[in-house]
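So you can see what is in the structure, the chains are spelled out below.
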Amino acid sequence: MEQNNKNNGRRLKAESKNSSEVFASCSFSSLGLHPTLCDQLKERLGFEVPTQVQAQAIPVVLSGRHVLVNAATGTGKTVAYLAPIIHLLQEYDQRIQRTDGTLGLAQIFRAFVWNMIWSRREFENFEAVFTAWSSKVYEILQKLLHRFHWIVPGYIMGGENRSKEKARLRKGVSILVATPGHLLDHLKNTSSFLHTNLRWIIFDEADRILELGYGKDIEEIINCLGTRNDKSVSKGTSAGNPKVQKQNLLLSATLNDKVNHLANISLENPVMIGLDDKMLQNVSHKHFSLESDVLDVAEESRKMFSSNEEYKLPAQLVQKYIKVPCGSRLVVLLSILKDLFEKEASQKWSTLQSETELRQIFLRCKTLRLHGNMNHEDRKTTFQMFKTEKSALLLSTDVSARGLDFPKVRCIIQYDSPGEATEYVHRVGRTARLGERGDSVLFLQPVEVDYLKDLEKHGVTLTEYPLQKLLSSFPLFRLKHQVNKFVSIEMHPWLVALQRALESFVSAELGIKHRQRTIEVVSMIKSQTPYYLVWGRSFRPVYYQPKVKKLAKDAFSSWVRAYTAHRGELKRIFMVKKLHLGHVAKSFALKEQPSIVNKSIQKHLKKRKRDDKQKVKSKKRVISKS
Ligand SMILES: Nc1ncnc2c1ncn2[C@@H]1O[C@H](COP(=O)(O)OP(=O)(O)OP(=O)(O)O)[C@@H](O)[C@H]1O
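Residues numbered from 1 in each chain as written. Predicted model: local features only at pLDDT ≥ 70, side-chain atom pairs only at ≥ 80, totals over all residues. Heavy atoms only, no water.

## Digging into the overall build of the protein
The helix and strand tally for the protein stands at 25 helices and 15 strands. Looking at the protein residue by residue over its 626 residues, the buried ones come to 55%. The long-range share in the protein, meaning contacts at least 24 apart out of those at least 6 apart in sequence, stands at 75%. Carbon and sulfur atoms make up 52% of the accessible area of the protein, which amounts to about 28,700 Å² in all. (Helix = DSSP H or I, 4+ residues; strand = E, 2+ residues; numbered from the N terminus. Buried < 20%, exposed > 50% of the residue type's maximum accessible area, 1.4 Å probe, protein only. Contact = heavy atoms within 4.5 Å. Areas by Shrake-Rupley, 256 points an atom, 1.4 Å probe, with all protein chains shown as cover.)

Laid out in C-alpha cells, this is it:
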C-alpha cells in the first residue's frame, strides 16, 4: 500500500511537471481572443488555459502572418488554428454571410493511413474512414461556432452523396473542412462553389498529405486558389479577390523535404513555431520569422530539416523496444499485456489486491478491433466504445495511427514494426497526449534491430524492455530449481505452456475442456489497464473466433505478404529471406506452417526476384549503350 502511494505520488509529480510543460501560463483572452470565444473554449470544450503551441500560434495567426507549426502529436494544434480564425471572422465590420462563400479552408488529413496488408482495400475505403474520424475537427468547429451562428461550418469528406456536398457548397460554407481529392474535384466541377473571398488555407497533417502522394493535387489546389498574397493567380482558373489578404497555415508533427516544398509554394515569409525544438534554440527569440524571399525559406528549411531530421515526441513518453524471436512473439505479447494490466490495476485500485479481484476487473475489459475493411458503422461504434470504456484493449491497423484522439491511452504496443520513422512517431503519438504519461513498446525480431538505428537518425531513442525481469515474475513450474538461473525465452515454462495452450486452441481437434482452459488462459492474460492499443498487421484476435484456424492461416498469409512489401532502405532490415516461416506460423498459434499459403508467397517471391533481375539487366544495357 505504502509503495502504491509512493508510486502515485511520483506519478502525480511527473504529471504536474508535464502539465506545466504542455500548458502556457496565460489565458486565452490574454492572447487576444474574443471573450465569447474564450467562453466557448471553456464551456463547450473544457479548455481553461491554452497549451504552449496554442499560446505561440494564436497571436501570430491573429497578426495575419503565414505560419508553419511543427509540434509534437497531441499538443493541441487543432484549436491553435481554429480559434484565431473564428476570432478574425467574427470581427468583420459587416457580419459575413453565406453568400460570401468560403473564407477559410482546412485541408485535413486526420484518419487515412497506409496500411501494409490492407493497403488496397483501405485505400478504397479511405473516404469512409476519413468521414468517421476527421469529424473531430468539424465537431470542434461546431462547438466553437455555437454563439457565432452567422459563421457556417461545413465539410467535404467523402462517404456521402456528391450532390449533397454540392448543395452544401451552393448554400454557402464559411469555414470548410476538406480532403485534397474531394476539394480539387469541387474546385474544378462545382461552379456554385464560391471561393473568391478565400482568406485562409490550413494544411493540417501536411506531412501525411504529401507522403500519400497528394502533392500534385495540392499544387493544383494552390494554383486554382491563387494563394500566398495573390501576386499570381493561376491561368484560366477561378481567380481570388485581390483585396483579400491571404494567410496560409501549415501544421505538421514531422518535417521533411516534402513539407518544405509545400511550405515553399504556399507560405510567404512564414513565422515558424515549434516546441522544444533544438533548431529553434539557436535562435534567441521564441518565434522566428524568415523575412527573406520564399526561396530562402526553402533553403533555410532544407538546412534545418534534412531527411534525417529529428522528430518531436512528447518528452514524457517512455519508449521501449523488445527483442523477441519470431516464434515467441504472441506469447510474449500476451505476457506483457498481463503485466501491464496487473501493474495498472494495482496502482489505480490500491484496495484491490487479490488475484481474483484483479481478474474480475480484467474479465470486464473489452477487446476491440479497428481496421479499414470494417464498415463505417462498425468503425464508428468501435471508436466510440474505445473512447468511453473504462478499460479496453484495441487491436488496430494503421487506420488509427494519425490524428485520432482517444483519451487516456496508456500504452501503444507495436506488434509489427512500422515502415518509415514518421509512421512510428504518429503511432506512438496516440499516447502521452497533452502532457499525460504514456508508454510504448516496439516488437523487433533479433534480425530487425537495425531498425533502431534508423529511428536514431531521427533522434528517436528507445531503451530495451526488461523482458527477463518480467519473465522472472511468471511461474517456472518444474524448473523451479533454476530459480536463480537464466531461463531463455524459448525455454521459459510459462511461455512454452501458453504457446501450447494457444496452439491446441487454434487446432481443430480441441476437446471442450481444452478449449475452455485455453479461453481461460487467454482471459487471464488479457490486459485490464485502461486503454491499450496493440498494433499489428493481423488485426483479428486469434481467439474467440469460430473458425479460428482459418483466421490464423489468413493472418499468417497477410503478415508474410506485408513483410515483403517493406520499401526502399527498409527492405535491408526487414528481409523476408531471413524469416523462418515455421516460427512465423507459431506467432499465429499455428503448429505448422500453412503450405498452400506458402506456395502463394513463394510465387510472390519468385516474381519479385524475376523483376529484380530484369531491372539489373536493363540497367546493364543502359550502361553498355552509353
Ligand atoms: N487548451 C487545451 N486544454 C485542454 N485540452 C486541450 C487543449 N487543447 C487541446 N486539448 C485536447 O488535447 C487533445 C489533443 O489535441 P489535438 O488533437 O488538437 O492535438 P494535435 O496536436 O492536433 O494532435 P495530432 O498531431 O496527433 O493530430 C485533444 O483531446 C484536445 O481536446
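## Details of the UniProt feature "short sequence motif: Q motif" (unreviewed entry) in the protein
Within this structure's numbering, the places UniProt gives as "short sequence motif: Q motif" (unreviewed entry) are residues 26–55. With 43% helix and 0% strand, residues 26–55 has end C-alpha atoms that lie 8 Å from one another. (UniProt positions renumbered as here; feature names shortened; annotations may be inferred.)

## Details of the packing of helix α8 (residues 180–189) against helix α10 (residues 215–225)
Contact pair α8 / α10: the axes reach a minimum separation of 10 Å and the direction vectors enclose 35°. Crossing handedness for the pair α8 and α10: left-handed. Note on element contacts: α10 touches α8 through D217, I218, E220, I221, C224 and L225, opposite P180, G181, L183, L184, L187 and K188. In the contact of α8 with α10, the residues fall into 8 nonpolar, 1 polar and 3 charged. (Axes fitted to C-alpha atoms, helices over the stretch in contact; angles between N-to-C directions. Left-handed = near helix turned anticlockwise from the far one by under 90°. Nonpolar A, V, L, I, M, F, W, Y, C, P; charged D, E, K, R; others polar.)

## Observations concerning the confidence of the model for the protein
Caution applies to low-pLDDT parts of the model: their predicted coordinates are not meant to be read in detail. Overall, the prediction assigns the protein a mean pLDDT of 72, with 65% of residues at 70 or greater. Contacts for the low-pLDDT stretch residues 1–16, under 50 throughout, to residues beyond four places or in other chains number 11 contacts. Every residue in residues 108–133 is under pLDDT 50, and counting partners more than four places away or in other chains gives 101 contacts. Scored as a complex, the prediction yields pTM 0.63 and ipTM 0.98. (pLDDT = per-residue confidence, 0-100.)

## Describing the side chain of Q54
Positionally, Q54 belongs in helix α3 (residues 52–63). In this structure the side chain of Q54 is engaged in a polar contact, spanning 2.9 Å, whose partner is the backbone oxygen of G76. Contacts of Q54, omitting those with residues within four sequence positions, involve F28, L31, P59, G76, V79 and A80. (Polar contact = N/O pair within 3.5 Å; in protein donor to acceptor, adjacent residues only side chain to side chain.)

## Some words on the packing of aromatic side chains
Across all of its chains, the model carries 7 aromatic pairs by this definition. Every member of this aromatic cluster is reached through a ring pair, and the members are Y451, W559, Y563 and F574. Between R168 and the ring centre of Y155, over which it is positioned, the NZ or CZ distance is 4.4 Å. One cation-aromatic arrangement involves R329 over Y415; the distance from NZ or CZ to the ring centre is 4.1 Å. (Phe/Tyr/Trp six-rings, centres within 6.5 Å; stacked < 30°, edge-to-face > 60°. Lys NZ or Arg CZ within 6 Å of the ring centre and 35° of its normal.)

## Describing the pattern of salt bridges
A complete count under the given rule lists 11 salt bridges for this structure. Ionic pairing is found between K453 and D450, a salt bridge with its closest N-O pair at 3.4 Å. Residue K453 and its partner D450 are located together in helix α18 (residues 450–456), separated by 3 residues, close to a single helical turn. (Salt bridge = Lys/Arg side-chain N within 4 Å of Asp/Glu carboxyl O.)

## Here's the deal with the pairing of strand β1 (residues 67–70)
Of the two faces of β1, the one holding V67 and V69 and the one holding L68 and N70 are both buried throughout. Here β1 runs beside strand β6 (residues 247–252); their pairing, made up of 4 bridges, is parallel. Residue pairing in the sheet places V67 in a bridge with L249 of β6. Where β1 meets strand β7 (residues 271–274), 4 bridges bridge the pair, whose relative direction is parallel. Bridge pairing in β7 places L68 opposite M272. (Pairing = 2+ DSSP bridges.)

## So, α10
Listing the buried residues of α10 in full gives I218, I221, I222, C224 and L225. Each buried residue of α10 lies within a common arc of 160° when the element is viewed along its axis, so the set occupies one face. (Arc of directions from axis to C-beta.)

## Details of the pairing of strand β5 (residues 200–203)
Residues of β5 alternate between two faces, with W200 and I202 on one and I201 and F203 on the opposite face, all of them buried. Bridge count between β5 and β6: 4 bridges; the pairing is parallel. Its bridge partner being in β6, I202 is matched across the sheet by L249.

## Here's the deal with the environment of K408
Mapped onto the fold, K408 is located in the loop between β11 (392–396) and β12 (411–414). Side chain to side chain, K408 and E436 meet in a polar contact 3.0 Å long.

## Structural notes on the environment of S30
Locating S30 in the fold gives a position in the loop between α1 (2–22) and α2 (35–43). With a relative accessible area of 52%, S30 lands in the exposed category. S30 sits 29 residues away from P59 along the chain, and the two C-alpha atoms are 9.5 Å apart. Only 2.8 Å separates the side chain of S30 from the backbone oxygen of S27, close enough to count as a polar contact.

## Things to note about the packing of α3 against helix α4 (residues 77–90)
Contact geometry for α3 and α4: axes closest at 9 Å, N-to-C directions at 30°. Judged on the interaxial angle alone, α4 and α3 are roughly parallel. Two packed elements cross with a definite hand, and for α3 against α4 that hand is right-handed. Contacts between α3 and α4 involve V53, Q54, A57, I58, V61 and L62 from the first element and K77, V79, A80, A83, P84, I85, H87 and L88 from the second. A per-class count over the contact of α3 with α4 returns 11 nonpolar, 2 polar and 1 charged. (Parallel < 35°, antiparallel > 145°, perpendicular 65-115°, else oblique.)

## Focus on helix α20 (residues 493–506)
The terminal C-alpha atoms of α20 lie 20 Å apart, and with 14 residues this matches the ideal 20 Å at 1.5 Å per residue to within 8%. Taken together, the buried positions of α20 are P493, W494, L495, L498, Q499, A501, L502, E503, S504, F505 and V506. (Expected span 1.5 Å × (residues − 1).)

## What to know about unusual backbone geometry
The phi torsion at N269 lies on the positive side, around 40°, for a residue other than glycine. Its location among the elements puts N269 in the loop between α11 (257–266) and β7.

## Details of the environment of K586
By the secondary structure assignment, K586 is in helix α24 (residues 581–586). Under the relative-accessibility criterion, K586 is labelled partly exposed at 30%. Separated by 255 residues in sequence, K586 and V331 place their C-alpha atoms 9.6 Å apart. Those residues in contact with K586 that sit more than four places away from it in its chain are G327, Q499 and E503.

## Side note on the side chain of H87
Residue placement: H87 occurs in helix α4. Among residues more than four places away in sequence, those in contact with H87 are G32, L33, H34, L37 and L62.

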